[in-house]
Amino acid sequence: MERTPLVAGNWKMFKTRAEAADYCSALLPLVDELDEVDIAICPPYTALDIVAERIGDAGIGVWGQNVHDAPEGAFTGEISCAMLIDAGATGVLLGHSERRALFGETDEALARKLAAALAGGLEPVLCIGESEAERDGGETERRLSTQLDGAMTALSGSQVLQVTIAYEPVWAIGTGRSATPEIAQETHAFIRGAIASRHGEECAAAIRILYGGSVKPDNAAALLGQPDVDGALVGGASLDPQGFAAIARAAG
Ligand code: PGA
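In this text, all values refer to a predicted model and were calculated from it rather than measured experimentally.

**What about the site of the ligand?**
And step 1. In the neighbourhood of the ligand, 13 residues make up the surrounding shell, with Lys12, His96, Glu168, Gly174 and Ser214 lying closest.
And step 2. Separating an oxygen atom of the ligand from a side-chain N or O atom of His96 is a distance of 2.6 Å.
And step 3. Note that an oxygen atom of the ligand is positioned 2.8 Å from one of the backbone N or O atoms of Gly235.
And step 4. Contact with the protein chains covers 97% of the free accessible surface of the ligand, which is 280 Å².

Shown next, in the form of structure tokens:
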């Protein structure tokens, strides 16, 4: 099964609205011809509308970095699916390791968020990944299985098909130490196998599994060249439109 590569830039808590507008102007001509690669940007909430206005028409996805599962309510500081969509978002990151580690996000909460995103019409991107201690201790597969099961067990086959998985080893995020292409391939193949055993071969063959963690222009081609690596979730290197476009080109 042909899976269209997908490269997404996670800006985290970077860029004002003016900086976001400049970025979009710079990025558009660089990725204009890249028809065979899907591209998405995850700006901070305050820049969602600007990014959607500037590049949404070019078919570039605009994703929130988090969402609350309730439609509205007394949840200070949170944002709903409908609000993200209202601001122009087409998708949402769920369970980024920074959300899990710094803001106490649990697999139970992620199961609710995933259901809310699917029901609300946002493309969900579920982030999973092991810590360095878990990898060193031979716990990687158990950890990834727990994260997949915790968030996805209740989903139907047709819902699973709408989910993108981002495999992001915690030890590779923001460290400059990406997984080797061999480790990425081996782990992505494990994740695809885990999805096949739970949701069937058809789902597993169709679902996109992105790699994230210190993806840069100089290592992108080797990582993205692996058969089970269907794209990249890029943090630091996505803040520069030239670097991000170079990574997107490596996926094509
Ligand atoms: P990084 O971040 O590319 O800066 O390592 C990846 C991520 O957090 O999604």
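**Regarding the pattern of salt bridges**
Between side chains of opposite charge, pairing is possible as soon as their charged atoms come close.
And step 1. Under the definition given, this model contains 16 salt bridges.
And step 2. Residue Arg99 pairs with Glu105 through a salt bridge whose shortest N-O separation is 3.6 Å.
And step 3. Across the salt bridge formed by Arg143 and Glu134, the nearest N and O atoms sit 3.3 Å from each other.

**What about the packing of helix α1 (residues 17–31) against helix α2 (residues 48–55)?**
And step 1. Running from N to C, α1 and α2 cross one another at 20°; their axes reach a closest spacing of 9 Å. Judged on the interaxial angle alone, α2 and α1 are roughly parallel. As α1 runs across α2, the sense of the crossing is right-handed. Contacts between α1 and α2 involve Arg17, Ala20, Ala21, Cys24, Ser25 and Leu28 from the first element and Asp49, Ile50, Val51, Arg54 and Ile55 from the second.
And step 2. When the residues that make up the contact of α1 with α2 are grouped by side-chain class, the tally is seven nonpolar, one polar and three charged.

**Looking at the nonpolar core**
And step 1. Residues Ile41, Met152, Ile165, Ile191 and Tyr211 are the most contacted members of the largest nonpolar core, which totals 68 residues.
And step 2. Sequence-distant contacts of Tyr211, that is, excluding residues within four places in its chain, are made with Tyr167, Pro169, Ala172, Ser178, Ala179, Ala184, His188, Leu223, Val229, Gly231, Ala232 and Leu233.
And step 3. Counting residues in each nonpolar core, the second largest holds 11 residues, with Ala40, Leu93, Cys127 and Leu210 among its members.

**Notes on the sheet that holds strand β6 (residues 164–167)**
The pairing of strands in a sheet comes from backbone hydrogen bonds and takes either a parallel or an antiparallel form.
And step 1. Overall, parallel pairing links the eight strands, which are arranged β1-β2-β3-β4-β5-β6-β7-β8 in a closed barrel. Averaged over all pairs of adjacent strands, the angle between strand axes in this sheet comes to 25°, irrespective of strand direction.
And step 2. The pairing of strand β1 (residues 6–10) with strand β8 (residues 231–234) spans four bridges and is parallel. Its bridge partner lying in β8, Ala8 is registered against Leu233.
And step 3. Contacting β5 (123–128), β6 and β7 (209–212), helix α9 (residues 181–199) runs over the sheet at an angle of about 145° to β7.

**So, the pairing of β8**
And step 1. Of the two faces of β8, the one lined by Gly231 and Leu233 and the one lined by Ala232 and Val234 are each fully buried.
And step 2. Where β7 and β8 come together, two bridges link them in parallel fashion. Its bridge partner lying in β8, Tyr211 is registered against Ala232.

**Focus: a negative patch on the surface**
And step 1. Residues Asp32, Glu33, Asp35 and Glu36 make up a contiguous surface patch of negative charge.
And step 2. As for its placement among the helices and strands, Glu33 is situated in the loop between α1 and β2 (38–42).

**Observations concerning the environment of Ala250**
And step 1. Residue position: Ala250 is located in helix α12 (residues 241–251).
And step 2. What makes Ala250 partly exposed here is its relative accessible area of 26%.
And step 3. The spacing of Ala250 and Tyr23 is 227 residues in sequence and 20 Å in space, taken between C-alpha atoms.
And step 4. If we ignore the near neighbours within four places in the chain, the residues touching Ala250 are Ala220, Ala221 and Leu224.

What counts as what
- Residues numbered from 1 in each chain as written.
- Predicted model: local features only at pLDDT ≥ 70, side-chain atom pairs only at ≥ 80, totals over all residues.
- Heavy atoms only, no water.
- Near = heavy atom within 4 Å.
- Polar contact = N/O pair within 3.5 Å; in protein donor to acceptor, adjacent residues only side chain to side chain.
- Areas by Shrake-Rupley, 256 points an atom, 1.4 Å probe, with all protein chains shown as cover.
- Salt bridge = Lys/Arg side-chain N within 4 Å of Asp/Glu carboxyl O.
- Axes fitted to C-alpha atoms, helices over the stretch in contact; angles between N-to-C directions.
- Helix = DSSP H or I, 4+ residues; strand = E, 2+ residues; numbered from the N terminus.
- Parallel < 35°, antiparallel > 145°, perpendicular 65-115°, else oblique.
- Left-handed = near helix turned anticlockwise from the far one by under 90°.
- Contact = heavy atoms within 4.5 Å.
- Nonpolar A, V, L, I, M, F, W, Y, C, P; charged D, E, K, R; others polar.
- Core = buried A, V, L, I, M, F, W, Y, C linked by side-chain atoms within 4.5 Å.
- Buried < 20%, exposed > 50% of the residue type's maximum accessible area, 1.4 Å probe, protein only.
- Pairing = 2+ DSSP bridges.
- Patch = residues over 30% accessible without salt bridge, like charges linked within 9 Å, V, L, I, M, F, W, Y side chains within 5 Å.
- Lys, Arg positive; Asp, Glu negative; His and termini not counted.
- Charge placed at Lys NZ, Arg CZ, Asp CG, Glu CD.

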